[in-house]
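Reading the structure
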Number of protein chains: 2
Amino acid sequence: MIGSFRKLFAAAVALSMVATPALADGVIDNVNGMTMDAKGQVIHFTGIVIGRDGKVVKLLQSGDKRPERPDWLSNQKGRTLLPGFIDAHGHVLELGFRALELDLSATKSLDEAKAKIAAYVAANPEKKWIIGGGWNQEKWGLGRFPTAADLDSVVGDRPVWLSRADGHASWANSAAIKAAGVTAKTATPDGGRIEKTGAEPSGVFVDSAQGLIDKVVPQPLPKERDFALQKAQEILLAFGITATSDMGTSMDDWLAMRRMGDRGALMVRIMSYGAGIETAIRVGGNGPTPWLYGDRLRMGGVKLYADGALGSRGAWLLKPYSDAPGQSGAGFMSDTLIQNLMSRAAMDGYQVAVHAIGDKANRQVLDAIEALSPTYKGDRRWRIEHAQIIDPADLPRFATLKVIASMQPTHATSDMKMAEARLGADRLAGGYAWATMLKNGVPLAFGSDYPVESPDPWAGWAAAFTRQDANGEPFGGWRPEEKVTREQAWWAFTAGGAYAGFAEDKFGRLAPGQAADFIIVDRDPFLSSPTDLRATKVEETWIGGQKVYVRKQ
Amino acid sequence: MIGSFRKLFAAAVALSMVATPALADGVIDNVNGMTMDAKGQVIHFTGIVIGRDGKVVKLLQSGDKRPERPDWLSNQKGRTLLPGFIDAHGHVLELGFRALELDLSATKSLDEAKAKIAAYVAANPEKKWIIGGGWNQEKWGLGRFPTAADLDSVVGDRPVWLSRADGHASWANSAAIKAAGVTAKTATPDGGRIEKTGAEPSGVFVDSAQGLIDKVVPQPLPKERDFALQKAQEILLAFGITATSDMGTSMDDWLAMRRMGDRGALMVRIMSYGAGIETAIRVGGNGPTPWLYGDRLRMGGVKLYADGALGSRGAWLLKPYSDAPGQSGAGFMSDTLIQNLMSRAAMDGYQVAVHAIGDKANRQVLDAIEALSPTYKGDRRWRIEHAQIIDPADLPRFATLKVIASMQPTHATSDMKMAEARLGADRLAGGYAWATMLKNGVPLAFGSDYPVESPDPWAGWAAAFTRQDANGEPFGGWRPEEKVTREQAWWAFTAGGAYAGFAEDKFGRLAPGQAADFIIVDRDPFLSSPTDLRATKVEETWIGGQKVYVRKQ
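Owing to the predicted nature of the structure, the values given are computational and were not obtained by experimental measurement.

**A word on the overall build of chain A**
Scanning chain A from terminus to terminus reveals 19 helices and 22 strands. Relative to its 553 residues, chain A shows a buried fraction of 53%. Relative to all contacts within chain A whose residues are 6 or more apart in sequence, the contacts with residues 24 or more apart total 73%.

As structure tokens, this is what we get:
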């Protein structure tokens, strides 16, 4: 008896070892599925076989035989399935904080903002500081920066500190300025600007000058960071974003991400770029971290800043601003310093992603890459973040130097009027030049720069192939020669973002061996008008073969 | 055919599910094995069945049937097998740095130290600072602290900064003092002391005064921390230490531990206590981290310091030092501050471990625990680290307040002469009172305080039941009434350390469900004289059922 049992047992083991993979698969079936192949061609399918490792085993066509006894089966009854979106440029924790703090991003006038601030202050009597952001004096049509006096009329007793939508300027009331000890005599830090009324600080602090107030603002507690990260993940999953770059992960952000990963709650895949080389090296040591938590988290690079933003006139231009003749913005670093920092990062194998908005900043970064490339050979994937205003003479250098252009379609449709005011139409020839980049063979990675803009990838996608805003303005699209096709934009919002993060072998498309990261949506994006595409509802979000979000009906 | 295949297949799966554990087991056989049961009784065995999860399935007696087809089998040919040691109080990174830096711990005179420093300086021309430690003016018989002038005669051109063996004082040359800008006018920081010659700093900086120089010492790079951690692990494994508390993990230490864990190279189990509450909360957020990397790492608590050390007269005493009548040492914190910090830690569920050496410091911590206990109920396991000099009136309070006494046997045998000089024999009634602690029912956890002492657990074990040093001094043992038995000491160096780290369900003894953490040694510790026990050689160290160290022959 024991002998025959043992024989049967041995046979069973042999069989189960062979048969295990088949047994372990799950199936998503009856979908209007689409993805891109490695060449960027759209392919269709009706089902996916998913392994226990959360990866795609096989895409199924309607005639293909289904596994007979799958672990699980999800019948999607004909709904549309797409790969999850990848946002190539976001700020994960800030997205969560923005959602939890006073959010002025929807306000359309200073008065509306003041009303919202007053309501928030009344509702949060325990908060010692009123912290928030999202304001944009351009959207308000204010014609000037807001002032401390504007805020004092609403809140006099507690410090208020509100960042501009682009994060490159912040607005304080008098209590905050006083708490920071800033006076008419305070020196303006390099790379910053203090807005003034006469000699006195008027309330807005640009770029590095924000540090004067930041340093006295109470830092969020770790548990508040945990809430913010959780909130950010919820927002991203609801938009169908399954992976994102985090552009400037601070040490405390990183620790929050690890806490979430350690407790098995990190779902969205984060390609982290350390906030400066010190952070990256403190975290990763001699090089990038491995992929952690089943390819959910990796610090693979470093985020640097070459300049500020256009809206606050912090972008560094070759010639003065059209609407502020004495100003050309400011570079954050000397050529030597930026090259040294990029070199230190590259030396240890960190990918380098540099924020550059103005044409002078972009040239500085291209020059640095050109200088460093002979030393740091191999597959470096230098990234320029935003790459907004490029001198036409510099445009071909992106391809020559193999630079990834990490761009944000909704920045163009949000900025268009402001950019024309700042630069004049003539200097926009190399502005937001998506189609030119593609034509030149430059890899494009699209994102939103959330929370500067909404992370909504449907808005980003529509903006990318229309160059129109949500209202369909302007007719025919803004500088329409820089439109990309619907397919090209989709690539840049999926596989392009994975490539930009050295993750193209892991996710970004649906193909055997890639992660089963996908979304179920309520319409076919290739059969929808731009307006309809923007209204797409994400019904379900799946990451690594697991359903991590279902829309509340 | 397919039908019968499927039936067979289903049977195979059902069988394999039942049978898998048996198949997956490995066996260590033919050992002279011993461990303790949960009550502290020594039990013997001749083999261990180990599951694929790295845990003990079963201890085998000589008559027990062995698994017939184990995954693997290790025949130890009669060698002695013991559970791995647990060091309840060490400093992991410092152990590695000490091994990589200039190490004066073996020097027996100032002249010998100077020769060693000169040789190191000559061998390391690239080092901008000469960093090291391990000196002990008591061991040198110097009768005074060393001075900057002593060092200047060896190294004039580069700063030198050498920590005392106990870490509570450091010795600078004039170049280091100059680099730090310390002069006769420099104020002495609270909780510290600057040794002086006349008005001038003479070269030694005690306790918090070390910060005056520390702040200009170049910090180790992350990769240097990685080397140090690797080195520390090698040292610990070679001594047969399979788990350790890390008493005061800095953020950078933690990040190095995570790097090692992330790349699968962390073998030794680390029970980490954050260096201060801010570190713990930054790392763990709202409470301890989970056990990470297969129970290899957890930040479960907070390390605080109530006072300094005896050697440097930084220990806080109820009455002045016998050999320095004007001095009583200094408490590092007010009663209010220490209670606030302990409360903040306990509120978030962190275990609290407080360094207290002098009788006044121990009383302060006991008072704090007494004050906090009504608020923080449940299984808190308050720890006092060192608990060296206790006023006899306070001894029973350890039991009443359920405090763990985390003590270091080799401190007693190293300190005995110095302690008598500092305190006089009369005030040692509650000093190093291991047996009294046990008699009172206080849980003991033994460690070494490496690198203050060698991590060598064989020396610690022998010291614990002899109260004699390596030379067998003094005859009969120092204050022999405080000896514990060989078995009690073994418990405190194994299961006691696990209990002190909330890990008694995971490791510390060999029993079904516990980690298979054990060592193979060249002699039977219960049949060895103290001298022979100290000479024990660890042949192999196993953690989680994996062989992680083999002695080079």
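**Some thoughts on the sheet that holds strand β14 (residues 269-275) of chain A**
All names here are of chain A. Pairing is parallel in the open sheet, where eight strands are placed in the order β6-β13-β14-β15-β16-β17-β18-β19. On the outer flanks of this sheet lie β6 (85-90) and β19 (444-446), each paired with one strand and no other. Within the sheet, the average angular offset between the axes of one strand and its neighbour, ignoring direction, is 25°. Pairing analysis gives four bridges linking β6 to strand β13 (residues 241-249), with the strands arranged parallel.

**Concerning the domain arrangement of chain A**
Each assigned domain of chain A is listed with its residue range as follows: domain 1 (22-84 + 510-552), domain 2 (93-215) and domain 3 (222-507). Centre-to-centre, using C-alpha coordinates, domain 1 of chain A lies 44 Å away from domain 2 of chain A.

**Notes on the sheet that holds strand β18 (residues 404-407) of chain B**
Residue and element names in this part refer to chain B. Across the sheet, eight strands lie side by side as β6-β13-β14-β15-β16-β17-β18-β19; this open sheet has parallel pairing. Strands at the two margins of the open sheet, each flanked by one partner only, are β6 (85-90) and β19 (444-446). Across the sheet, the mean angle from the axis of one strand to that of its neighbour is 25°, orientation sign disregarded. Pairing geometry for strand β16 (residues 351-356) and strand β17 (residues 383-386), over four bridges, is parallel. Bridge pairing links Ala-353 to Arg-383 in β17.

**Description of the UniProt feature "domain: Amidohydrolase" (unreviewed entry) in chain A**
Taking the UniProt record as the reference, the feature "domain: Amidohydrolase" (unreviewed entry) is found at residues 77-549 of chain A. Annotation note: span residues 77-549 of chain A, helix share 34%, strand share 21%, distance between end C-alpha atoms 18 Å.

**Examining helix α9 (residues 251-262) of chain A**
Residues and elements named next belong to chain A. The first and last C-alpha atoms of α9 sit 16 Å apart over twelve residues, in line with the 16 Å expected at 1.5 Å per residue. Regarding α9, the residues found buried are Asp-253, Trp-254, Leu-255, Ala-256, Met-257, Arg-258, Arg-259 and Met-260. One or two residues past the end of α9 sits Gly-264, with phi positive at roughly 75°.

**Some details on unusual backbone geometry**
Tyr450(A) connects to Pro451(A) through a cis peptide bond whose omega is 0°. Structurally, Pro451(A) is set in the loop between β19 and α16 (457-466). Cis geometry marks the peptide bond from Glu473(B) to Pro474(B); its omega dihedral reads -15°. With respect to the helices and strands, the residue Pro474(B) is situated in the loop between α15 (457-466) and α16 (486-492).

**Here we look at the pairing of strand β18 (residues 404-407) of chain A**
Residues and elements named next belong to chain A. Side-chain alternation along β18 places Ile-404 and Ser-406 on one buried face and Ala-405 and Met-407 on a second face that is also buried. The pairing of strand β17 (residues 383-386) with β18 spans three bridges and is classified as parallel. Across the sheet, Glu-385 pairs through a bridge with Ser-406, a residue of β18. Once you follow β17 into helix α13 (residues 395-400) and on to β18, the crossover reads as right-handed. Sheet analysis places β18 next to β19, joined by three bridges and oriented parallel.

**Comments concerning the nonpolar core**
By size, the foremost hydrophobic cluster in this structure holds 318 residues, and its most contacted members are Ala306(A), Val352(A), Ala405(A), Ala306(B), Val352(B) and Ala405(B). With near-sequence residues (within four places) excluded, Val352(A) lies in contact with Gly301(A), Val302(A), Leu304(A), Met342(A), Ala345(A), Ala346(A), Trp382(A) and Arg383(A).

**Re the pairing of strand β11 (residues 192-197) of chain B**
Remark: a regular strand shows side chains that alternate across the two faces of the sheet. Residues and elements named next belong to chain B. Here β11 runs beside strand β12 (residues 200-207); their pairing, made up of five bridges, is antiparallel. What sits directly across from Thr-197, in β12, is Glu-200. Linking two consecutive strands that pair antiparallel, namely β11 and β12, is a turn of two residues; a positive phi of about 65° is found at Gly-198 within it.

**Section: the packing of helix α13 (residues 409-423) of chain B against α15(B)**
All names here are of chain B. Put simply, α13 and α15 touch, their axes get as near as 7 Å, and they point 70° apart. In terms of axis orientation, α13 runs roughly perpendicular to α15. Where α13 approaches α15, its residues Pro-409, Thr-410, Ala-412 and Thr-413 are matched on the opposing element by Ala-459, Gly-460, Ala-463 and Ala-464. Split into classes, the residues belonging to the contact of α13 with α15 amount to five nonpolar, three polar and no charged.

**A few points about the confidence of the model for chain A**
For residues with low pLDDT, the predicted coordinates do not support detailed interpretation. Residues and elements named next belong to chain A. Summarising the model, chain A shows a mean pLDDT of 94, and 96% of its residues fall at 70 or more. Per-residue pLDDT stays below 50 along residues 1-23; that stretch engages in 18 contacts with residues further than four places along the chain or on separate chains. The ipTM assigned to the predicted complex is 0.86, against a pTM of 0.88.

**Observations regarding the environment of Gly84(B)**
Residues and elements named next belong to chain B. Residue placement: Gly-84 occurs in the loop between β5 (80-83) and β6. It is 19 Å that separates the C-alpha atoms of Gly-84 and Phe-465, two residues lying 381 residues apart in sequence. Beyond its immediate sequence surroundings of up to four residues, Gly-84 is in contact with Gly-240, Ile-241, Thr-242, Ala-243, Asp-517, Phe-518, Ile-519, Thr-541 and Ile-543.

**A few points about the packing of helix α7 (residues 222-238) of chain B against helix α8 (residues 251-262) of chain B**
Residue and element names in this part refer to chain B. At a closest axis distance of 9 Å, the pairing of α7 and α8 adopts a crossing angle of 70°. It follows from the interaxial angle that α7 and α8 lie roughly perpendicular. Crossing of α7 against α8: the hand is right-handed. Judged by residue contacts, Pro-222, Arg-225, Asp-226 and Leu-229 of α7 engage Asp-252, Asp-253, Leu-255, Ala-256, Met-257, Arg-259 and Met-260 from α8. By residue class, the composition of the contact of α7 with α8 is six nonpolar, no polar and five charged.

**Quick notes on the environment of Ile520(B)**
Structurally, the position occupied by Ile520(B) is in strand β20 (residues 518-521). Contact partners of Ile520(B), with chain neighbours within four places excluded, come to Gln76(B), Arg79(B), Leu81(B), Glu539(B) and Glu540(B).

**Describing α7(B)**
Across its 17 residues, α7(B) extends 24 Å between first and last C-alpha, which sits within 8% of the 24 Å expected from 1.5 Å per residue. Every buried residue of α7(B) is accounted for by Pro222(B), Arg225(B), Asp226(B), Ala228(B), Leu229(B), Ala232(B), Gln233(B), Ile235(B), Leu236(B) and Leu237(B). Looking at the packing, one finds that the buried side of α7(B) touches α10 (277-284) of chain A together with α2 (92-100), β13 (241-249), α8, β21 (538-543) and β22 (546-550) of chain B. Gly240(B) occupies a position one or two residues after α7(B) and carries a positive phi of about 85°.

**Remarks on the environment of Asp359(A)**
All names here are of chain A. Inspection of the secondary structure assignment puts Asp-359 in helix α12 (residues 359-372). Between the C-alpha atom of Asp-359 and that of Val-217, which follows or precedes it by 142 residues, the distance is 33 Å. If we skip the residues at most four places from it in the chain, Asp-359 touches Leu-317, Leu-318, Ile-389, Ile-390 and Asp-391.

Calculation rules
Residues numbered from 1 in each chain as written. Chains lettered and ligands numbered in written order. Predicted model: local features only at pLDDT ≥ 70, side-chain atom pairs only at ≥ 80, totals over all residues. Helix = DSSP H or I, 4+ residues; strand = E, 2+ residues; numbered from the N terminus. Buried ≥ 20, exposed ≤ 12 C-beta atoms within 10 Å, placed from the backbone. Contact = placed C-beta atoms within 7 Å. Pairing = 2+ DSSP bridges. Axes fitted to C-alpha atoms, helices over the stretch in contact; angles between N-to-C directions. Domains from an automatic or database assignment. UniProt positions renumbered as here; feature names shortened; annotations may be inferred. Expected span 1.5 Å × (residues − 1). Right-handed = clockwise from strand over helix to strand, strands pointing away. Core = buried A, V, L, I, M, F, W, Y, C linked by C-beta atoms within 7 Å. Parallel < 35°, antiparallel > 145°, perpendicular 65-115°, else oblique. Nonpolar A, V, L, I, M, F, W, Y, C, P; charged D, E, K, R; others polar. pLDDT = per-residue confidence, 0-100. Left-handed = near helix turned anticlockwise from the far one by under 90°.

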